[in-house]
Amino acid sequence: MPDLAISTRGLRKTYRTRRGRTVVAVQGLDLDVPVGGVHGFLGPNGSGKTTSIRMLLGLIRADAGTMTVFDRPVPAQLPAVVGRIGAIVESPKFFPAFTGRRNLELLAGAIGAPAQRVGEVLEQTSLAERGKDKFKGYSLGMKQRLAIAATLLKDPDLLIFDEPTNGLDPAGIREIRETMRGLGDQGKTVLVSSHILAEVEQVADTVSIIGHGRLLASGTVAEVIGGGAAATVKLGVADREAAARVLTAAGLAVRADGNHLLVDGVERPAELTKLLADQQLYVHELVQVRADLESVFLELTAGEGLA
Ligand SMILES: Nc1ncnc2c1ncn2[C@@H]1O[C@H](COP(=O)(O)OP(=O)(O)OP(=O)(O)O)[C@@H](O)[C@H]1O
């Protein structure tokens, strides 16, 4: 078991709406986030990501369950670890007429971070050259990176970003992704929530997928996609019926796909061609169809009201 930055067991939170309706936002969530690297916290809109993060940060109270951050039970011992956590849950407020640097200097003063950190965090978020520009002239991506820079002032070990790329254009998304990757590579733990898998797939080392406030899958991206070893193979062969019979008899799961056959759980594709050639069935096309995280996600969260 790796060291864990975050661990929750049986976490539960119910809201009561104004009309007296009960909404179970998080129901028995078991979440483990290893120390170091980027962890994608993924789920459709409304699946309970923000609620979980707010409980971890002590912003709302859980109804049931336990949580630890760096092995400290929270919220009971939150004061002991809060200095190691930097989080963006809502957009922070900056002064539009002040430069990015000035905004960070004011914040550093307010939280007691050393003034020299301002230059360092601007560097870390690739804002060093734009630090002298007024905040109001920043692109959305730059504004979001300044928010990340602000969370880095205390040099935290754990960064929690709730949907940090919301509303950003592709260039902005790429900038945020690179910033998160850089932090992960420095050994920081980055927990990033998103409902858009493609944004996280490229940057995350490990992921947890939730639906309806419950854990659906977790592990490295490769593990969640399907272990990496076994793949689905698309096969072109003249006599598809005969080929399907041979492969099915060999214990393989075969499906028709237009003019091709799809064979699941194939570890060594070359063995397929031998199996068929032995029966005078010759493969003219063989392509590995790799499942991506998006399809796994859609499958796992089917019927979860993906927005
Ligand atoms: N203050 C609240 N009062 C009532 N219901 C709430 C409240 N906050 C969240 N909910 C409900 O709890 C469920 C989980 O919401 P939450 O915001 O945690 O999900 P999420 O995965 O972060 O989604 P999103 O990406 O849309 O923010 C949703 O059904 C939401 O409508």
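Criteria and thresholds
Residue positions within a chain follow its written sequence, with the count starting from 1. It should be noted that, the model being predicted, local features are given only for residues of pLDDT at least 70 and side-chain atom pairs only at 80 or more, the latter also being counted only at that level, while totals for whole chains, interfaces and linings use all residues. Excluding hydrogens and water, the side-chain values take into account all heavy atoms of the structure. The helix count covers DSSP runs of H or I at least four residues long, the strand count covers runs of E at least two residues long, and both are numbered beginning at the N terminus. Using a 1.4 Å probe on the protein chains alone, a residue whose accessible area is under 20% of its type maximum counts as buried, one over 50% counts as exposed, and one in between counts as partly exposed. Throughout, a residue-residue contact means that at least one pair of heavy atoms, one from each residue, lies within 4.5 Å. All tallies of charge rest on Lys and Arg as positive and Asp and Glu as negative; His and the ends of each chain are not included. Charged groups are reduced to one reference atom each: NZ for lysine, CZ for arginine, CG for aspartic acid, CD for glutamic acid. The rule for a salt bridge is simple: a side-chain nitrogen of Lys or Arg has to be within 4 Å of a carboxyl oxygen of Asp or Glu. A cutoff of 4 Å decides nearness: a residue is near a molecule or strand if any of its heavy atoms lies inside that distance of it. Counting of polar contacts relies on pairs of N or O atoms within 3.5 Å, with two restrictions inside protein: one atom must be capable of donating a hydrogen and the other of accepting it, and residues adjacent in sequence are counted only when both atoms are side-chain atoms. Think of it as three bins: nonpolar holds Ala, Val, Leu, Ile, Met, Phe, Trp, Tyr, Cys and Pro, charged holds Asp, Glu, Lys and Arg, and polar takes everything else, Gly as well. Angular values range over 0 to 180 degrees, each being the angle between N-to-C directions of two axes fitted as lines to C-alpha atoms, with helices fitted over their stretch in contact. Should an angle fall under 35 degrees it is called roughly parallel, over 145 degrees roughly antiparallel, and 65 to 115 degrees roughly perpendicular, with every other angle called oblique. In this scheme, a crossing is called left-handed if the near helix is turned counterclockwise away from the far one by less than a right angle; it is called right-handed if the turn is clockwise. Each patch groups residues whose relative accessible area exceeds 30% and which form no salt bridge, using 9 Å between like charges and 5 Å between nonpolar side chains of Val, Leu, Ile, Met, Phe, Trp and Tyr. Per-residue accessibility takes into account occlusion by the displayed protein chains alone, with areas from the Shrake-Rupley method and a 1.4 Å probe.

(A) Representation of the overall build of the protein chain. Tallying secondary structure elements over the protein chain gives eleven helices and 14 strands in all. Dimensions along the principal axes, computed over C-alpha positions, put the protein chain at roughly 80 × 50 × 40 Å. Within the protein chain, the fraction of its 307 residues that count as buried is 44%. Look at the contacts in the protein chain between residues 6 or more apart in sequence, and 68% of them connect residues 24 or more apart. Seen as two clouds, the 35 positive and the 35 negative side-chain charges of the protein chain have centres 10 Å apart.

(B) The arrangement of the pattern of salt bridges in detail. Tallied over the full model, the rule gives 14 salt bridges. Salt-bridge contacts for D157 lead to R84; the nearest nitrogen and oxygen are separated by 2.7 Å. Here R84 lies in the loop between α2 (78-81) and β6 (85-88) and D157 lies in the loop between α5 (140-152) and β7 (158-162), a separation of 73 residues in the sequence. Among the salt bridges present, the one from E271 reaches R268, with a minimum N-O distance of 3.0 Å. Look at E271 and you get partly exposed, because its relative accessible area is 47%.

(C) Expanded view of the site of the ligand. Within the structure, the ligand sits among Y15, V23, A25, P44, N45, G46, S47, G48, K49, T50, T51 and E163. A distance of 3.1 Å is found between an oxygen atom of the ligand and a backbone nitrogen or oxygen belonging to S47. At 2.6 Å from an oxygen atom of the ligand is found a side-chain nitrogen or oxygen belonging to T50. The set of elements that each furnish at least two residues to the shell around the ligand consists of β2 (22-34) and α1 (49-56). Looking at the shell around the ligand element by element, the count peaks at three residues for α1. For the shell around the ligand, the per-class residue count stands at four nonpolar, six polar and two charged.

(D) Spatial organisation of the packing of helix α3 (residues 100-111) against α5. The contact between α3 and α5 brings their axes to 10 Å, and the two run at 30°. Relative to α5, the element α3 lies roughly parallel. Crossing handedness for the pair α3 and α5: right-handed. Of the residues in α5, those in contact with G100, L104 and L107 of α3 are L146, A149 and A150. Counted by class, the contact of α3 with α5 contains five nonpolar, one polar and no charged residues.

(E) Broad picture of helix α9 (residues 240-249). A242, A243, A244, V246 and L247 are the residues of α9 that are buried. For α9, the secondary structure elements touched by its buried residues are β11 (231-237), β12 (253-257), β13 (260-266) and α10 (269-277). Trailing α9 by a residue or two, G251 shows a phi angle of about 90°, which is positive.

(F) Layout of a nonpolar patch on the surface. Residues F95, F98 and L106 make up a contiguous nonpolar surface patch of about 270 Å² in total accessible area. Looking at the secondary structure, you find F95 in the loop between β6 and α3.

(G) The side chain of R117, seen in detail. Mapped onto the secondary structure, R117 falls in helix α4 (residues 116-124). At a separation of 2.6 Å, a polar atom in the side chain of R117 contacts the main-chain carbonyl oxygen of L152. Apart from residues lying up to four places away in sequence, R117 is in contact with Q124, L152, L153 and D155.

(H) Up close: the environment of R130. By the element assignment, R130 lies in the loop between α4 and α5. Residues R130 and F297 lie 167 residues apart in sequence; the distance between their C-alpha atoms is 38 Å. With residues up to four places along the chain from it excluded, the contact list for R130 reads G137, Y138 and M142. Here the side chain of R130 touches D133 through a polar contact of 2.5 Å, side chain to side chain.

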